[in-house]
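A look at the structure
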Amino acid sequence: ADWNVELGEGEPHEVKDHSLENFLKQVEETKAHIGPYLNLYQVHSATFESGILADTKVHQALHRCRVENGWKIGLSVSGPNQDELIREALKIHVVDEEGEEEKTQQQ
């Protein structure tokens, strides 16, 4: 590929937005472009600073995507504390609409 990304002075090369609003937008875009071929939704580059590990609304939305679409949910991590990030992610659990608690599945 012969592409080039030019950034302005002081602009970050990547903006991590793991907000619920951005996630819901990305889900709709993903479904529109990939549709039935998708079986894994992966959160890219999770960090403690991005807030994804503590945002229960995003956890609920991820759970709904898994249930409604049959998607597996994954994440990649970045930063110096990758082992801690993964340990924290494994502690996440979601209470579904029926009040049943569902822990993170390790596969």
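Now for a description of the structure that goes with this document. Because the structure is a prediction, the values reported are computed rather than measured.

Things to note about the layout of surface pockets
In this structure, the second largest pocket encloses a volume near 220 Å³. Looking at the second largest pocket, it is lined by 16 residues, and the ones nearest its centre are D17, H18, N22, Q26 and H44. Put simply, the parts of the chain that give the lining of the second largest pocket at least two residues each are α1 (20–34) and β1 (40–46). Looking at the lining of the second largest pocket element by element, the count peaks at 5 residues for β1. Considered class by class, the residues forming the lining of the second largest pocket number 6 nonpolar, 7 polar and 3 charged.

Section: the packing of α1 against helix α2 (residues 56–69)
The N-to-C vectors of α1 and α2 enclose an angle of 20°; their axes lie 9 Å apart at closest approach. On the basis of the axis angle, α1 is roughly parallel to α2. Between α1 and α2 the crossing geometry is right-handed. Here L20, F23, L24, V27 and K31 of α1 come into contact with α2, specifically with K57, V58, A61, L62, C65 and N69. For the contact of α1 with α2, the residue count by class is 8 nonpolar, 1 polar and 2 charged.

With respect to the pattern of salt bridges
In the structure shown here, the tally under the stated rule is 4 salt bridges. Residues D83 and R87 are paired through a salt bridge, measuring 3.2 Å at the closest nitrogen-oxygen approach. With D83 and R87 both in helix α3 (residues 82–90) and 4 residues apart, the pair spans about one turn of that helix. Looking at D83, the relative accessible area reads 42%, which means it is partly exposed. As a salt-bridge pair, E88 and K91 come within 3.0 Å of each other at their nearest N and O atoms.

Focus on α1
In this model, α1 (15 residues) spans 20 Å end to end at C-alpha, consistent with the 21 Å of a helix rising 1.5 Å per residue. Lining the buried residues of α1 we find β1 and α2. Positive phi appears at G35, one or two residues downstream of α1, with a value of about 55°.

Structural notes on the environment of G35
Summarising the element assignment, G35 is placed in the loop between α1 and β1. Accessibility expressed as a relative area gives 22% for G35, which makes it partly exposed. Residues G35 and N69 lie 34 residues apart in sequence; the distance between their C-alpha atoms is 9.8 Å.

Quick look at unusual backbone geometry
Positive phi values are uncommon outside glycine, yet S45 reaches one of about 60°. Structurally, the position occupied by S45 is in strand β1. Among the residues examined, S45 registers a relative accessible area of 4% and is labelled buried.

So, how was this worked out
Residues numbered from 1 in each chain as written. Predicted model: local features only at pLDDT ≥ 70, side-chain atom pairs only at ≥ 80, totals over all residues. Heavy atoms only, no water. 1 Å grid on protein atoms, 1.4 Å probe; cavity = no way out; pocket = protein on both sides within 12 Å on 5 of 7 lines; lining within 4 Å. Points joined across faces, edges and corners; volume = space filled by probe spheres on them. Helix = DSSP H or I, 4+ residues; strand = E, 2+ residues; numbered from the N terminus. Nonpolar A, V, L, I, M, F, W, Y, C, P; charged D, E, K, R; others polar. Axes fitted to C-alpha atoms, helices over the stretch in contact; angles between N-to-C directions. Parallel < 35°, antiparallel > 145°, perpendicular 65-115°, else oblique. Left-handed = near helix turned anticlockwise from the far one by under 90°. Contact = heavy atoms within 4.5 Å. Salt bridge = Lys/Arg side-chain N within 4 Å of Asp/Glu carboxyl O. Buried < 20%, exposed > 50% of the residue type's maximum accessible area, 1.4 Å probe, protein only. Expected span 1.5 Å × (residues − 1).

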